[in-house]
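# Breakdown of the fold
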Amino acid sequence: MQLPGLSSVSNFVSNRRKTFTWLAGSVGAVYVVSQWGMKKIEDMAQKSKKDRLDAENLTRRFNLNQEDCAFTIRALLPSVGPQLLSSMDVEASSAKLAQLAAQVKAREREMSELAAAAAEEEERKRKYEEEEGMTKSQLQVVEDLNEAPPVPHANGKEEEGAGSELQPEESQHEENKGEVEPAKDSEVNGNTVTPILNGYTVEEAKEKEEATPTAAANQDLSLSKSWAEVVKTGTGEAEEVQKLQRSEPETLSAAQAPSPPPPPPEPEQSRAELWTDIKILSFTRTITSLYILSLLSLQTHIQLNLLGRTSYITSVITAIPKSSSSTSLASTQESDNDLERALYALHKQDDTVTEGIERMYLTFTWWLLHRGWIIIGDRVKAAVEEVVGSMALKSTIVYGELPTLLAQIRKLVDFNEDGTPFDFSPALHPPTLADEILTLSSGGPPAEGSTGSRPSIPPPLRNLLNETTEFTSSRDGVLVLYRIVDALFSCLVDKLEGPFKPRVGTSSSGSDISDPSQQQGSRFEDVTEKTVKLAALLPTIARQSHLIINGMPNEYADAVEGVRELAELSAIVYSSYDPEDVRRSC
């Protein structure tokens, strides 16, 4: 017997069977959809998290790669320093100029001393000749007195006619240190008194002088020697001076006079030539250093970002599960899976970039640091000679016009005569296979797969070299190079501001500044219209090359890191892998 309540429920369900069926289906569908949706949301969250982690990993790797670029540039720059500084040795020319100036001053001082000695010698000779002439005149007077006839005296005595007139002459001779004794009238035994000279009568004196010519010659020779000693030392013994006054030597001959020292050997270059070398080399060396830093920065960023891209792809390959490799490349999957499978398949090949290939690839920087910079230096020197060669050292330079002067040099370096941009590729990369092998042998280990008779470059290395050349020669690469050079020349102009600033403690008009607040304001004075001599600017210009190559900290290298276009090009290089040509990207 069926219960009435159960029958009613059965009838209710039976009558609404379609309704309950639809409701159960709807609930089931909602459950299934909800589960699918939750799974999708979870997958999307996981994928978003993975993408975020990948992006962070990529950003971290990229930033570390840029830091490696900055460190590598600072580490490689000093290697070109000795070559550049020895080839354009401004300091050596400055030392030669200083040595030449010292020689000129020494010679002028020596000539002045010689002239003073010669003047002293002439004065002594003049005094000696005066004394000699006076002595001879007195001797002649005495001889005349002896030869004169006797004059009768009033008392019947005879005396020398000119005896009375000799006394004033004799007294004057005594004042001049002569040795003629005064003649006196005497009446002893009715004879006249004969005048006495040097303790002898006139006849005895003449006989003594004629009898001893050899002694007089020897005395003259000794006097010449003593006179030379007086001229040389400036002092003499009292005995020699007395001999000089008593003797009667002949005039000193030219052979006996002290001869001037031989002139110093002529320098290889004159002062004008040395100043010209300093002017040309100062500009050339500093501007060449700027271009070396610019090209090295561009090349290093491209090289390390290409290798960083390879390293990143390798890390992606190692994270791919092995099951992905079993799936056919022709299957229709998402593009990311296709790329992963292609990368995994490529990882099994033998022509990927290995550590040895990376070392050989980085070795090619040797070409720029040892051969390529010479090409740049020759081109810069020609431009400097054309622009600065005709400028005088005393010409004034306005600080505001200094960028224009440097821009003229840059134009001759960056562009050919027909206006086309100059190709710096020969300075960045070896142009021939022989130069490539030379670079590898000089800067690192020999190339893999090369022999002594037929050298060759491994295919992975050749791919990297070709891609590097493409980036440096592209329009983006040339634009980035110009931006780097702009930043470096702007930094150079800022560094050359020092000679145009007034000294601390003085104003622009040259007056003293005692107020500390005014001194602080003078440091920030506008120097756009200030002028300075070209010769005064050369030491500061020459010193900049040392700061560019060996500066610690290196403000010029910091200026390169601030170039936004360089960072953008590095990002392009780092992410420049082609899914259609994965082999080339790796």
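Look up a bit, the structure's there.
Computed from a prediction, not measured in an experiment: that's the story for all the values here.

What follows concerns the overall build of the protein. Along the protein, the regular secondary structure elements total 22 helices and 6 strands. Pairs at least 24 apart in sequence give 79% of the contacts found in the protein among residues at least 6 apart. Just so you have it, the protein exposes about 35,400 Å², and 55% of that area is on carbon and sulfur atoms.

Another aspect to go through is helix α19 (residues 534-550). In this model, α19 (17 residues) spans 25 Å end to end at C-alpha, consistent with the 24 Å of a helix rising 1.5 Å per residue. All buried positions along α19 are accounted for by L534, L537, L538, T540, I541, A542, Q544, S545, I548 and I549.

What follows is about helix α8 (residues 271-319). With 49 residues, α8 extends 71 Å between its outermost C-alpha atoms, agreeing within 8% with the 72 Å of an ideal straight helix rising 1.5 Å per residue. Taken across its 49 residues, α8 has 37 buried, putting it largely inside the fold.

Right, let's talk about the environment of L281 for a bit. Tracing the backbone shows L281 in helix α8. Classification of L281 as buried rests on a relative accessible area of 14%. Spatially, the C-alpha atoms of L281 and S93 are 9.4 Å apart, while their sequence positions differ by 188 residues. With residues near it in sequence (within four places) discarded, L281 still touches M88, D89, V90 and S93.

Glancing now at the pattern of salt bridges. Evaluated as defined, the whole model comprises 15 salt bridges. For E122, the salt bridge is made with K125, and the minimal N-O distance between the two is 4.0 Å. Of this pair, E122 and K125 both sit in helix α3 (residues 90-147), separated by 3 residues, roughly a single helical turn. With relative accessibility at 48%, the residue E122 sits in the partly exposed group. D486 is the salt-bridge partner of R483, the closest N and O atoms lying 3.8 Å from each other. Placement of the pair is R483 and D486 together in helix α17 (residues 475-495), with a separation of 3 residues, close to one helical turn. Overall, the relative accessible area of 29% leaves D486 in the partly exposed class.

Attention now moves to the nonpolar core. Membership of the largest hydrophobic core comes to 81 residues, with the highest contact counts inside it found for F283, Y291, I409 and L461. In terms of residues, this core owes the most to one element, α8, which gives 16 residues. Apart from the residues lying within four places of it in its own chain, the contact partners of Y291 are I376, V380, R410, V413, D414, F424, V485 and F489.

Our focus in this paragraph is unusual backbone geometry. Geometrically, the link from M552 to P553 is a cis peptide bond, its omega value of -5 degrees lying close to zero. Its place among the elements puts P553 in the loop between α19 and α20 (555-561).

Position of R285 among the secondary structure elements: in helix α8. One polar contact links the side chain of R285 to the main-chain carbonyl oxygen of M88, over a distance of 3.2 Å. A distance of 3.1 Å separates a polar atom in the side chain of R285 from a polar atom in the side chain of E91. In contact with R285, not counting residues within four places along its chain, are L84, L85, M88, V90, E91, A542, S545 and H546.

Another point: the packing of α8 against helix α13 (residues 402-414). The N-to-C vectors of α8 and α13 enclose an angle of 60 degrees; their axes lie 12 Å apart at closest approach. Regarding the angle of α8 to α13, the classification is oblique. The handedness of the crossing between α8 and α13 comes out as right-handed. Judged by residue contacts, F283, I287 and Y291 of α8 engage L405, L406, I409, R410, V413 and D414 from α13. Here the contact of α8 with α13 is built from residues that sort into 7 nonpolar, no polar and 2 charged.

Rules used in this analysis
- Residues numbered from 1 in each chain as written.
- Predicted model: local features only at pLDDT ≥ 70, side-chain atom pairs only at ≥ 80, totals over all residues.
- Heavy atoms only, no water.
- Helix = DSSP H or I, 4+ residues; strand = E, 2+ residues; numbered from the N terminus.
- Contact = heavy atoms within 4.5 Å.
- Areas by Shrake-Rupley, 256 points an atom, 1.4 Å probe, with all protein chains shown as cover.
- Expected span 1.5 Å × (residues − 1).
- Buried < 20%, exposed > 50% of the residue type's maximum accessible area, 1.4 Å probe, protein only.
- Salt bridge = Lys/Arg side-chain N within 4 Å of Asp/Glu carboxyl O.
- Core = buried A, V, L, I, M, F, W, Y, C linked by side-chain atoms within 4.5 Å.
- Polar contact = N/O pair within 3.5 Å; in protein donor to acceptor, adjacent residues only side chain to side chain.
- Axes fitted to C-alpha atoms, helices over the stretch in contact; angles between N-to-C directions.
- Parallel < 35°, antiparallel > 145°, perpendicular 65-115°, else oblique.
- Left-handed = near helix turned anticlockwise from the far one by under 90°.
- Nonpolar A, V, L, I, M, F, W, Y, C, P; charged D, E, K, R; others polar.

Any functional reading would require information beyond the geometric quantities listed.
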